[in-house]
Amino acid sequence: MNRYLLPLGIFAVIAVFLAIGLGLDPREVPSPLINKPAPAFSLPQLHQPAQTFARDDMKGKVWLLNVWASWCVACREEHPVLVELARSRAVPIVGLNYKDERADGLRWLAQFGDPYQLSAFDRDGRIGIDYGVYGVPETFLIDKNGIIRYKRIGVVTPEILRDKILPLVRELNGNA
Amino acid sequence: MRNFLLLACVALFTMFTLRTLVTPYARAAEPAATESALDKRVTALAQDLRCLVCQNQTIADSQAPLAIDLKNQVREKIAQGLSDDQIIDYMVQRYGDFVLYRPPVKAATLGLWFGPAALLILGLVVLFRYLARRRREQSADAPLTDAEHRRAQTLLGTTDRTTDKEST
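Residues numbered from 1 in each chain as written. Chains lettered and ligands numbered in written order. Predicted model: local features only at pLDDT ≥ 70, side-chain atom pairs only at ≥ 80, totals over all residues.

(A) How the structure looks around the interface of chain B and chain A. The partner chain A presents 11 residues to the 12 residues of chain B that form the contact. Elements with a minimum of two residues in the side of chain B that touches chain A: helix H2 (65-79) and helix H3 (84-95) of chain B. Sort the elements by how many residues they give to the side of chain B that touches chain A and H3(B) lands first, with 4 residues. Of the residues belonging to the side of chain B that touches chain A, the class tally is 6 nonpolar, 4 polar and 2 charged. (Contact = placed C-beta atoms within 7 Å. Helix = DSSP H or I, 4+ residues; strand = E, 2+ residues; numbered from the N terminus. Nonpolar A, V, L, I, M, F, W, Y, C, P; charged D, E, K, R; others polar.)

(B) Looking closely at the confidence of the model for chain B. All names here are of chain B. With 71% of its residues at a pLDDT of 70 or more, chain B has an overall mean of 78. The least confident element of chain B is helix H6 (residues 161-167), whose mean pLDDT is 50; the most confident is helix H4 (residues 110-139), at 91. Below pLDDT 50 for its whole length, residues 20-30 participates in 0 contacts with residues either more than four positions away or in separate chains. Confidence metrics for the complex model read pTM 0.68 and ipTM 0.73. (pLDDT = per-residue confidence, 0-100.)

(C) Region of interest: the sheet that holds strand E6 (residues 138-142) of chain A. All names here are of chain A. Spatially, 5 strands are ordered E5-E4-E3-E6-E7 in an open sheet, and the strand pairing comes out mixed. Looking at the sheet topology across the chains shown, the edges are occupied by strand E5 (118-122) and strand E7 (148-153). Strand-to-strand twist across the sheet, computed as the mean angle between neighbouring axes with direction ignored, equals 20 degrees. Sheet analysis places E6 next to E7, joined by 5 bridges and oriented antiparallel. Residue pairing for E7: Thr139 is matched across the bridge by Arg152. (Pairing = 2+ DSSP bridges. Axes fitted to C-alpha atoms, helices over the stretch in contact; angles between N-to-C directions.)

(D) View of the environment of Val94(A). Residues and elements named next belong to chain A. Here Val94 lies in strand E4 (residues 93-98). Note: C-alpha distance between Val94 and Met58 (36 residues apart in sequence) is 9.4 Å. If we skip the residues at most four places from it in the chain, Val94 touches Met58, Trp63, Leu64, Leu65, Tyr116, Gln117, Leu118 and Ala120.

(E) View of helix H1 (residues 2-23) of chain A. The end-to-end C-alpha separation of H1(A) is 32 Å, in line with the 32 Å expected for 22 residues at 1.5 Å each. For H1(A), a buried count of 0 out of 22 residues is recorded, marking the element as mostly open to its surroundings. (Expected span 1.5 Å × (residues − 1). Buried ≥ 20, exposed ≤ 12 C-beta atoms within 10 Å, placed from the backbone.)

(F) Expanded view of the nonpolar core. All names here are of chain A. Ranked by size, the top nonpolar core spans 51 residues in total, and within it Leu64 and Phe140 carry the most contacts. For this core, the element with the most residues is strand E3 (residues 63-68), which contributes 5 residues. Excluding residues that lie within four positions of it along the chain, Leu64 makes contacts with Val91, Ile93, Val94, Thr139, Phe140 and Leu141. (Core = buried A, V, L, I, M, F, W, Y, C linked by C-beta atoms within 7 Å.)

Written out as structure tokens, the structure reads:
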């Protein structure tokens, strides 16, 4: 009996570890920016190159910063969710048009709809690096004091919006 | 005398041409040398930084757009006079410890750093204890117990009277 117990025990331990491993997404890198101030930036806007948008323009508001690009395929999947969210006016969304061509970005918004209050134009991806962006789309929830409260790497699904982002938005709006 | 003048002219001419030929190279060689030193530093740093798009590669190996951006960023920071540690910190601030190809030793990574060695030591201890026990058991010339004796006899087919009695 003892003979079988040991291999069985080892198997059980390995199985538990593998089961946990299956549930983890290795692509999801824990961001060191959570609960830290959002990096300051000032960028020209996508629609009006002459005007700039700065992080501090949103001070006092809870807002979403959504990193997108016309070349990003997953952004198309996410886009209807954002358009819907913008319609509900639950939280202002600012776009960060990441490493894109201005004309491409504008055409993309014209084609799929524009959920953004405005889009900042990060031509060379410098601000993206400051925000630790490595997989577009990425979405940051920033509170009234400019602190990053939540980060989503990859597509914002209706489930994530409902279960994570919107409750947090309500909480942040209520507490401050 | 004429020959001497001619020779002098030729000598002067060659000197000038040589100088004009050589000096641009001499000047060009200088930035090239510092650039290669810079390149070396960039490469050395890039080999310690993980590409977050293709996660099993360093940014030195990767040609992903983000890796190229990060390499440019490293180069820029070096040009700004930052030390290697400052540049590593800069990357960790943005991408977390994950960006380091060599994870730092801290509470969360103790298992990662020392787990294999601990397992090896544990394995060796178990192995030696097992071997010691086996050696002790084998070397002991313990006489067979009754049960062992009977079993040996049945296996050998040489049943004696005592076992006959018991089996009947």
